[in-house]
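# Descriptive analysis of the structure
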Amino acid sequence: MTADTTPDPAPAAWALVVPVKPPARGKSRLVGTTDDQRRELAEAFALDTVAAAARAEGVVGVLVVTDDFRLAAALREGGHEVVPDGVSEDLNATLVQGAAEAVRRWPGSVPAALCADLPALRADELAAVLAEAAEVVDRGGAAFVRDRVGSGTTLYAAPLARFDPRFGVGSAERHADDGATEVGVDAASVRADVDDVADLGVAMVLGLGARTARASGRRATPQG
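Residues numbered from 1 in each chain as written. Predicted model: local features only at pLDDT ≥ 70, side-chain atom pairs only at ≥ 80, totals over all residues. Heavy atoms only, no water.

Core analysis: the largest hydrophobic core is formed by 41 residues, its most contacted members being Trp14, Leu16, Leu114 and Leu126. Among the elements of the structure, β1 (14–20), α1 (35–55), β2 (59–66), α2 (69–77), β4 (110–114), α4 (123–137), β5 (143–146) and β6 (153–157) are those that each provide at least two residues to this core. Considering every element that reaches this core, the biggest residue donor is α4, with nine residues. With sequence-adjacent residues up to four places away left out, Leu16 is seen in contact with Ala53, Val59, Gly61, Val62, Leu63, Ala112, Leu114, Leu126 and Leu130. If you look at the next biggest cluster of nonpolar residues, it comprises 19 residues, including Val17, Ala142, Tyr156 and Ala180. (Core = buried A, V, L, I, M, F, W, Y, C linked by side-chain atoms within 4.5 Å. Buried < 20%, exposed > 50% of the residue type's maximum accessible area, 1.4 Å probe, protein only. Helix = DSSP H or I, 4+ residues; strand = E, 2+ residues; numbered from the N terminus. Contact = heavy atoms within 4.5 Å.)

Listed below in structure tokens is the structure:
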């Protein structure tokens, strides 16, 4: 019997696209907070999400798409790349455009869209999800992570030629109906997006990133 000498495929190099609506207009469901507090929290969510994502093994770059000048400045100070949102009224079109730009900046990478409201995101857990998604992408398919509630999506990945996200109300089922494979079922921090106060409580239990911890008056938990 001849040994199989076919080399294993190279690990995927991921380029993450993170869309962020201007914090002043975001997170309206965080009731019981002032406009300034809501803005501070929304900005903190994005900064913590991007910081954790950039540390994940296999991630070669993070491209943030936003029209918020203050947030963009803070991200650039942290060494992250930012572009304006050219199609701000259509999230999915924004992501397709962002994916093409990310692959242009990091040639050979695979694009993945990641929600910006994951303040408990753990880099090691995201890396594990991306490794799972890589098995799907290697076959030319798309992968997605369902949010904690079950109806939304926190991450979508596909080869650029097939990159066709379906974010919006009921996005998880739309991704599944479109043939995408669900991954990250046990990845609590990757699924814990924050839309309201109850969601923020769940993120606190998982362990907040440093910026969100300060904005919410809690102590940060070291993120993997």
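A few words now on the packing of aromatic side chains. Counted by the stated rule, this structure contains one aromatic pair. Ring geometry for Tyr156 and Phe163: centres 5.2 Å apart, planes at 70 degrees, overall edge-to-face. Using a relative accessible area of 2% as the deciding quantity, one classes Tyr156 as buried. By relative accessible area, which is 7% here, Phe163 ends up buried. (Phe/Tyr/Trp six-rings, centres within 6.5 Å; stacked < 30°, edge-to-face > 60°.)

The mixed open sheet is built from seven strands, whose spatial order is β3-β2-β1-β4-β6-β5-β7. Looking at which strands have only one partner, the edges of the open sheet turn out to be β3 (81–83) and β7 (181–182). In terms of strand pairing, β1 meets β2 through seven bridges, oriented parallel. Its bridge partner lying in β2, Val18 is registered against Val64. Packed on one face of the sheet, helix α3 (residues 91–105) meets β1, β2, β3 and β4 and runs near 145 degrees to β1. (Pairing = 2+ DSSP bridges. Axes fitted to C-alpha atoms, helices over the stretch in contact; angles between N-to-C directions.)

As a general feature of sheets, a regular strand has side chains that alternate between the two faces. With respect to burial, β4 is a largely interior element, five of its five residues being buried. Every second residue of β4 is oriented toward a common face, with Val110, Ala112 and Leu114 on one face and Pro111 and Ala113 on the other, all of them buried. Summarising the sheet, β1 and β4 pair through four bridges and their orientation is parallel. Note on β4: the bridge partner recorded for Trp14 is Val110. Bridge count between β4 and β6: three bridges; the pairing is antiparallel. In the strand pairing of β6, Ala113 is matched with Tyr156.

Burial of β6 is extensive: five of the five residues sit out of reach of the surface. With four bridges connecting them, β5 and β6 associate as antiparallel partners. In the strand pairing of β6, Arg146 is matched with Thr153. Hairpin geometry of β5 and β6 is characterised by an intervening segment of six residues between the two adjacent antiparallel strands and by a positive phi of about 110 degrees at Gly150.

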